Number of protein chains: 2
Amino acid sequence: MTKVEEEQTPLRHKKAEDFNEWYNEIVEKAELCDKRYPVKGLNIWTAYGWKTMAAIDGIIRNEMGDTGHSEVCFPLLVPEDQFKKEADHIKGFSDEVYWVTRAGGNDLDVKLLLRPTSETAMYPMFSLWVRSHADLPLKIFQIVNVFRFDTKQTRAFIRVREIHFFEAHTCHRDFEDAEKQIREDIEVMARLAAKLCMPYRIFKRPDWDKFPGAFYSLACDVLMPDGRTLQVGTIHQYKDNFAKAYDVKYEEEGGEHKLVHQTTYGMSERLLGAVVGLHGDDNGILLPPDIAPIQVVIVPILAKDMKGPVLEEAQKIMDELRKAGLRVTMDARDLRPGAKYYHWEMRGVPLRLELGPRDMKENKVVLIRRDNRQKAFVPRAGMVGEVRRTLDLMALEMAGRSEALLKGGIRDITSLVEEAPTGILRAGWCGATACGHEMEDRLGVKMLGTSYDKEEYSGKCVVCGKPAQEAAYLARTY
Amino acid sequence: MTKVEEEQTPLRHKKAEDFNEWYNEIVEKAELCDKRYPVKGLNIWTAYGWKTMAAIDGIIRNEMGDTGHSEVCFPLLVPEDQFKKEADHIKGFSDEVYWVTRAGGNDLDVKLLLRPTSETAMYPMFSLWVRSHADLPLKIFQIVNVFRFDTKQTRAFIRVREIHFFEAHTCHRDFEDAEKQIREDIEVMARLAAKLCMPYRIFKRPDWDKFPGAFYSLACDVLMPDGRTLQVGTIHQYKDNFAKAYDVKYEEEGGEHKLVHQTTYGMSERLLGAVVGLHGDDNGILLPPDIAPIQVVIVPILAKDMKGPVLEEAQKIMDELRKAGLRVTMDARDLRPGAKYYHWEMRGVPLRLELGPRDMKENKVVLIRRDNRQKAFVPRAGMVGEVRRTLDLMALEMAGRSEALLKGGIRDITSLVEEAPTGILRAGWCGATACGHEMEDRLGVKMLGTSYDKEEYSGKCVVCGKPAQEAAYLARTY
């Protein structure tokens, strides 16, 4: 079987029937990654996947620039003694870290760990960098590889052991300034998610599930089509917890020395996992136009006698679209059109532009949307504008469809009798830890937390029946 | 002492008097990195340094795109058994690798090493990726962190244990096609070096110093101001050495299965080290305009009564320059101009633009070059063009001065009597390994190799006196 034939065998799994297997199959078939690397949980970013991730990183970098964060890069290796300074933190991660114990043929005097996240690498330096109030706020970020020896089943982009990771770390004069930062982070998430056509909800995680060392943790959850939620981002208020452990202090105008208040913001390649899961279908993935490495693929229909002129015109069209800032490629391979359609649909290119001899005669091009295969005949003259409009409309509709699924996937429950719960459950909660755990255990779900934006709720705790001040959100999670 | 005062204390070391200490001091004072991370050989990329390195990476990415390479990202961790498949390679690196032996509280069944370079991570996958002649050439690259437990004295950017690394790997049908790739790599180096204003020479390393597993190795050496050479790039012809070990084969049109021929191309953060060393002076670093995060700093001279109008005009100037695609910042801090000059000179911003009340009246701006402090009064109307011209001219002159130093630093020797050799020595060599080693030992230098471009040479071997077919180049090296 040739590569082209192999490529054209349909997906073995259907999204609606077996989401998990469909996902596992499609990430490779769309050439986002190669999972055959011989170490569990470590995958290879192949060119197309890496380009897509780089586009997501690019959006994040721009957002960070616009909000006054500086990009840095800290070492991967953290010495054991620095790591152990914050007791809660080490407890939270000690089962998940990789240890470097030997180098150059000898045992190391001080063991080094591969960062699972960079608090313990950065904060000893922050205590040197921050001296006076004039140094605050300190806002930095990095996009790096981090490592977590996670024993759960691995899954491309969603649960891997080497993680492509974004982490922002900030220091502030006081709690309120750190709170402002958290509101800014939430706005960044909103703008990023809009570009990914990715609806989400922000929850304040229950105390028993907050980040090790945090005062409180917010998380952005996406509802995946199989009814489980995927945490794609976290925002933590550390208060002065880490500042105490790492002695990060500043001098006030009056000469007084105070501990800083800190926040962090983390996201990862899970963003790409969410995009694949939300938008893909049985023909392949579907990339939001803002992150698609190729937004438009031109497929010239090469009838024998008109081959030259059609190719020439297709080239002109490509030049025009590129000049307008669009990412375009042309597929002039000697293959039947169907094989090309299959190829580019699998890779989620949002828009296909066809041009045949008759279109040329009629001064038209054909636009075919990847999401619904809608075909539009568009006058050649207004082509660039129409391509843009179609991409914009498509992005809006992708986001709209996903938001409708999310909304429809959240439902109220008033008792703990649920068969195979799916989606996000909303339940009255008195706020007691015991009741929270009982909900989790009896429903077989995790508590996502309470809504970050205070919401009106009047009801009773589904466990103890006491008046519930808030609603708890619960789901099976990735 | 405030930060501003601290910043204005002159450098403790002069470049001409103690290059090493000057270098060590300036990399931190120019805010390229922070060396206080508590693990030897691991430094922190602070924002300004990381931005500069990212600019260099950007040039490399463009070059790779233009020459048909795809960017990928392989895992950091390599399993011991894969690593051991190529005998020469393991021998060359076994003393330098970091070993991950534990994870999640347990010893690992298969030990993992941190890649010192990625041959052994990639080539098992190449044997899956390459199947037919249609898959060739395969051209990929990645920009990642690699690790070498180097026991020599560490030095920022030049000798570190976590290295910011570029590596391109290619597979070809035959030796000649691989040779073509090497010629392409050499052209890439030329274009990159021009943008870094960094003269260099390419040598074919002697057999005893080629890359472990290579058929032959080329290296790009820069002559640093202290008379030692710095290897900033390497290009290797592997022939089918690795293909044999990792079974990377393709099917020819006729059905025959053949081993691929491979090449690699490596560069690292040493490029930045070379830039710092070549162009810096006792006032700070000097960044080539193509990679300077800030190409022009505007310093408005804020006399009391004209403060508002001058600031407004300076803002307009910044907008105009930015619109023209230049990277510009304005320093409107409430500091005396001298402090600002000092600050930006230290950070190597190529051009300073001053604007005071009198300049405004006379419809002029003042341009001051960072390299020679030459001042030019430029009519406001032609400002953008003049800024560009000045930057271009400065880059040419920076390259020219460095090239003159390199040329002047290469000299012929005809005997092995040399007191404290400095610069690059050229000596007749019969080609025998023993004579090569004797040159190295008696002169206290390393052999860089022979010129890659065949050069005319007639003379005698400086060791045995036999006719020399070639000249050997020798130097003390980093």
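Residues numbered from 1 in each chain as written. Chains lettered and ligands numbered in written order. Predicted model: local features only at pLDDT ≥ 70, side-chain atom pairs only at ≥ 80, totals over all residues. Heavy atoms only, no water.

The number of helices and strands found in chain A is 14 helices and 25 strands. Radius of gyration (C-alpha) of chain A: 25 Å, near the 23 Å computed for a compact globule of 478 residues. Considered along the principal axes of its C-alpha atoms, chain A spans approximately 80 × 55 × 50 Å. The proportion of buried residues among the 478 residues of chain A is 58%. Accessible area of chain A: about 19800 Å², with a carbon and sulfur share of 49%. (Helix = DSSP H or I, 4+ residues; strand = E, 2+ residues; numbered from the N terminus. Rg over C-alpha atoms; globule rule 2.2 N^0.38 Å. Buried < 20%, exposed > 50% of the residue type's maximum accessible area, 1.4 Å probe, protein only. Areas by Shrake-Rupley, 256 points an atom, 1.4 Å probe, with all protein chains shown as cover.)

So, about the layout of surface pockets. Residues and elements named next belong to chain B. Considered as a void within the structure, the second largest pocket measures approximately 1300 Å³ in volume. Lining the second largest pocket are 49 residues, and of these Glu96, Arg148, Arg159, Gln231 and Arg270 lie nearest its centre. Sorting the residues of the lining of the second largest pocket by element identifies α5 (87-93), β8 (162-172), β10 (216-223), β11 (229-239), β14 (261-268) and β22 (446-451) as the ones contributing at least two each. Take the lining of the second largest pocket: its biggest share by element is 8 residues, from β11. When grouped by side-chain class, the residues that make up the lining of the second largest pocket number 20 nonpolar, 15 polar and 14 charged. (1 Å grid on protein atoms, 1.4 Å probe; cavity = no way out; pocket = protein on both sides within 12 Å on 5 of 7 lines; lining within 4 Å. Points joined across faces, edges and corners; volume = space filled by probe spheres on them. Nonpolar A, V, L, I, M, F, W, Y, C, P; charged D, E, K, R; others polar.)

Before going further, it helps to examine the relation of the copies chain A and chain B. Superposition record for chain A on chain B: RMSD 0.0 Å, screw rotation 180 degrees, translation along axis 0.0 Å. Interpreted geometrically, this transformation is the action of a two-fold axis. In terms of proximity to the rotation axis, the leading residue of chain A is Val100(A), whose C-alpha is 2.1 Å off the axis. Of the interface residues in chain A, 100% have counterparts in chain B that sit at the interface too, so the contact is made through matching surfaces. (Least-squares fit on C-alpha atoms with pLDDT ≥ 70 in both. Contact = heavy atoms within 4.5 Å.)

All names here are of chain A. Across the sheet, which stays open at both edges, the 11 strands sit in the order β3-β7-β8-β14-β11-β10-β9-β22-β25-β21-β20 with mixed pairing between neighbours. The sheet is open, and its two borders are formed by β3 (70-71) and β20 (410-413), each paired with just one other strand. Relative to strand β7 (residues 138-147), β3 is paired through 2 bridges, and the arrangement is parallel. For Glu71, the partnering residue across the bridge sits in β7 and is Phe141. Helix α3 (residues 47-66) contacts β3, β7, β8 (162-172) and β14 (261-268) of the sheet and is inclined by roughly 5 degrees relative to β8. Helix α6 (residues 119-129) contacts β7, β8, β11 (229-239) and β14 of the sheet and is inclined by roughly 155 degrees relative to β7. (Pairing = 2+ DSSP bridges. Axes fitted to C-alpha atoms, helices over the stretch in contact; angles between N-to-C directions.)

The subject of this paragraph is the domain arrangement of chain A. Residue and element names in this part refer to chain A. Under the domain assignment used here, chain A contains domain 1 (13-279), domain 2 (296-391) and domain 3 (410-475). Averaged C-alpha coordinates put domain 1 and domain 3 at centres separated by 27 Å. Taken together, the contact pairs 18 residues of domain 1 with 18 residues of domain 3. Overall, the association of domain 1 and domain 3 removes approximately 1400 Å² of surface from exposure, summing both partners, and the carbon and sulfur fraction of that is 66%. For the pair domain 1 and domain 3, the number of links is 0 salt bridges. Connecting domain 1 to domain 3 are 5 residue pairs in polar contact (both at pLDDT 80 or more). Elements that contribute at least two residues to the side of domain 1 that touches domain 3 include exactly α7 (175-195), β9 (201-204) and β10 (216-223). Across the side of domain 1 that touches domain 3, the residue classes tally to 9 nonpolar, 2 polar and 7 charged. (Domains from an automatic or database assignment. Buried area = accessible area lost by both parts, 1.4 Å probe. Salt bridge = Lys/Arg side-chain N within 4 Å of Asp/Glu carboxyl O. Polar contact = N/O pair within 3.5 Å; in protein donor to acceptor, adjacent residues only side chain to side chain.)

Our next topic: the sheet that holds β10(B). The strand order across the open sheet built from 11 strands is β3-β7-β8-β14-β11-β10-β9-β22-β25-β21-β20 (chain B), with neighbouring strands paired in mixed fashion. In the strand order of this sheet, the two ends are held by β3 (70-71) and β20 (410-413) of chain B, each with one partner.

Next up on the list: the environment of Ala47(B). Among the structural elements, Ala47(B) can be located in helix α3 (residues 47-66). Contact partners of Ala47(B), with chain neighbours within four places excluded, come to Ser70(A), Glu71(A) and Val72(A).

On to helix α11 (residues 337-346) of chain B, then. Residues and elements named next belong to chain B. Burial analysis of α11 places 7 of its 10 residues in the buried class, the great majority of the element. Those residues of α11 that fall on the buried side of the exposure criterion are Ala339, Lys340, Tyr341, His343, Trp344, Glu345 and Met346. Buried positions along α11 lie against α1 (3-8), α2 (19-29), β15 (296-300), β16 (328-330) and β17 (351-355). Once α11 finishes, Gly348 follows within two positions and takes phi at roughly 75 degrees, a positive value.

Residues and elements named next belong to chain B. Examined against the element boundaries, Ala475 turns out to sit in strand β25 (residues 470-475). With a relative accessible area of 1%, Ala475 lands in the buried category. Taking the C-alpha atoms as reference points, Ala475 and Asn283, separated by 192 residues in sequence, lie 29 Å from one another. Setting aside its immediate chain neighbours within four residues, Ala475 contacts Thr229, Gly423, Ile424, Val445, Lys446 and Leu448.

Residue and element names in this part refer to chain B. Taking 1.5 Å per residue, 17 residues should reach 24 Å; helix α10 (residues 307-323) reaches 24 Å between its end C-alpha atoms and fits that length. Looking only at α10, the buried set comprises Val310, Glu313, Ala314, Ile317, Met318 and Leu321. Looking straight down α10, one finds that the buried residues subtend no more than 145 degrees of arc, so they occupy a single side. Opposite the buried face of α10, at more than 90 degrees from it, the exposed residues are Glu312 and Lys323. Against the buried residues of α10 lie β15, β16, β17, α12 (357-361), β18 (364-369) and α13 (383-408). Following α10 by one or two positions, Gly325 has its phi on the positive side, about 90 degrees. (Expected span 1.5 Å × (residues − 1). Arc of directions from axis to C-beta.)

Turning our eyes to something else, we now look at the pattern of salt bridges. Counted under the stated rule, the structure contains 76 salt bridges over all chains. Between Asp281(A) and Arg370(A) there is a salt bridge, with the nearest N and O atoms lying 2.8 Å from each other. Pair noted here: Asp281(A) is in the loop between α9 (270-279) and β15 (296-300) and Arg370(A) is in the loop between β18 (364-369) and β19 (375-379), with a separation of 89 residues, a long-range link. The exposure class assigned to Asp281(A) is partly exposed, which follows from its relative accessible area of 21%. By relative accessible area, which is 4% here, Arg370(A) ends up buried. In this structure, Glu403(B) and Lys407(B) form a salt bridge, with 3.8 Å as the shortest nitrogen-oxygen distance. Of the two residues, Glu403(B) and Lys407(B) are both situated in helix α13; the distance of 4 residues between them amounts to about one turn of the helix.

Another aspect to go through is the confidence of the model for chain A. Per-residue pLDDT for chain A averages 95, and the proportion of residues at 70 or more is 100%. Both scores are given for the predicted complex: the pTM is 0.97, the ipTM 0.96. (pLDDT = per-residue confidence, 0-100.)

Chain A puts 49 residues into the contact, and the matching count from chain B is 49 residues. Summed over both partners, the interface of chain A with chain B comes to about 4300 Å²; 63% of that surface belongs to carbon and sulfur atoms. Where chain A packs against chain B, one counts 0 salt bridges. Seen at the junction of chain A and chain B, the total is 18 residue pairs in polar contact (both at pLDDT 80 or more). A total of 6 residues in the side of chain A that touches chain B trace back to one element, the largest contributor, which is strand β5 (residues 98-103) of chain A.

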